[in-house]
Amino acid sequence: IPKDTVQDIFEKLVPGYGLNRDPERVPMAWDASQHHGFTTGEPWLPMKGIGTRNVADLQKDDRSILHLYRELIRIRKKVPALCIGDYRPLRSRNDILAYERFTSTDRFTIALNLTHEGRLLEQIGKGSIVLSTRLDRTTAPVSGQHLLRPDEGIIIQMD
């Protein structure tokens, strides 16, 4: 945000400390039009540098973050274990954060690869993938161990 367009009151009162919150408050980009579908007037903060990251483009991409969020919300509403079930952390190994969500009838393991490299998820048991953050794996069987791709998270319904 150029200094002459800063709106953050704190940054105006105490400038130069890098505490400007304006970059996080830029209006939502809905499309690729002049003001990105946010307004027909002049937006309160400049919307330069947004590029093609807008809702209209994300809706067209079946593997976008928008579709991932929608799928996560759908699954959470549908599956009680993921909504109101108990939580149990699993021992973290190999830069993978893992935990269980479960009820008396269902058990799910959630595993998140926290690195930019593939990691082996070990001692996981048997189940099938319900969702991958890449939105390309569903109903894939898992048994004993599973390779998580870089930055991938998966939800596994355990047998």
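Remember, predicted model here, so these are calculated numbers, not experimental data. Numbers given for residues are sequential positions, taken from 1 along each chain in its written order. Reporting of local features is limited, given that this is a predicted model, to residues whose pLDDT is at least 70; pairs of side-chain atoms are given and counted only at 80 or more, and all residues count toward the totals for whole chains, interfaces and linings. With hydrogens and water excluded, all non-hydrogen atoms of the structure serve as input to the side-chain values.

Concerning the packing of aromatic side chains
Step number 1: Aromatic pairing here means that ring centres of Phe, Tyr or Trp (its six-membered ring) are within 6.5 Å. Orientation follows from the plane angle: under 30 degrees is stacked, over 60 is edge-to-face, and everything else is tilted. Tallying each qualifying case throughout the model produces 1 aromatic pair.
Step number 2: Where Tyr-87 meets Tyr-99, the ring centres are 5.3 Å apart and the plane angle is 45°; that geometry is what we call tilted. A residue pair is termed long-range when its members are at least 10 positions apart, and Tyr-87 in strand S1 (residues 86-89) and Tyr-99 in strand S2 (residues 96-102) qualify at 12 residues. By definition, any uninterrupted DSSP run of H or I lasting at least four residues is a helix, any uninterrupted run of E lasting at least two residues is a strand, and each is numbered from the N terminus.

Here's the deal with the nonpolar core
Step number 1: Take the buried Ala, Val, Leu, Ile, Met, Phe, Trp, Tyr and Cys residues and link them wherever side-chain atoms come within 4.5 Å; each set so joined is a nonpolar core. Only protein chains enter the accessibility calculation, which uses a 1.4 Å probe. A residue is then buried if its area is under 20% of the maximum for its type, exposed if over 50%, and partly exposed in between. Counting 10 residues, the largest nonpolar core consists of Ile-96, Ala-111, Leu-121, Ile-124, Ile-129, Val-142, Leu-148, Ile-154, Ile-156 and Met-158.
Step number 2: A total of 3 residues in this core trace back to one element, the largest contributor, which is strand S8 (residues 153-158).
Step number 3: Any two residues whose heavy atoms approach within 4.5 Å at even a single point are treated as in contact. Apart from the residues lying within four places of it in its own chain, the contact partners of Ile-124 are Thr-109, Val-142, Gly-144, Gln-145, Ile-156 and Met-158.
Step number 4: By size, the runner-up hydrophobic cluster in this structure holds 9 residues, among which are Ile-75, Leu-82, Phe-108 and Ile-155.

A word on the pairing of S2
Step number 1: Where burial is concerned, most of S2 is hidden: 5 out of the 7 residues are buried.
Step number 2: The pairing criterion for strands is at least two bridges between them, as found by DSSP. Where S1 lies against S2, 4 bridges are found, and the strand directions are antiparallel. The residue bridging Pro-89 from the neighbouring strand is Tyr-99, located in S2.
Step number 3: Bridging between S2 and strand S3 (residues 107-113) involves 7 bridges; their strand directions are antiparallel. Bridge pairing in S3 links Ile-96 to Asn-113.
Step number 4: Hairpin connection of S2 to S3: 4 residues between the antiparallel strands.

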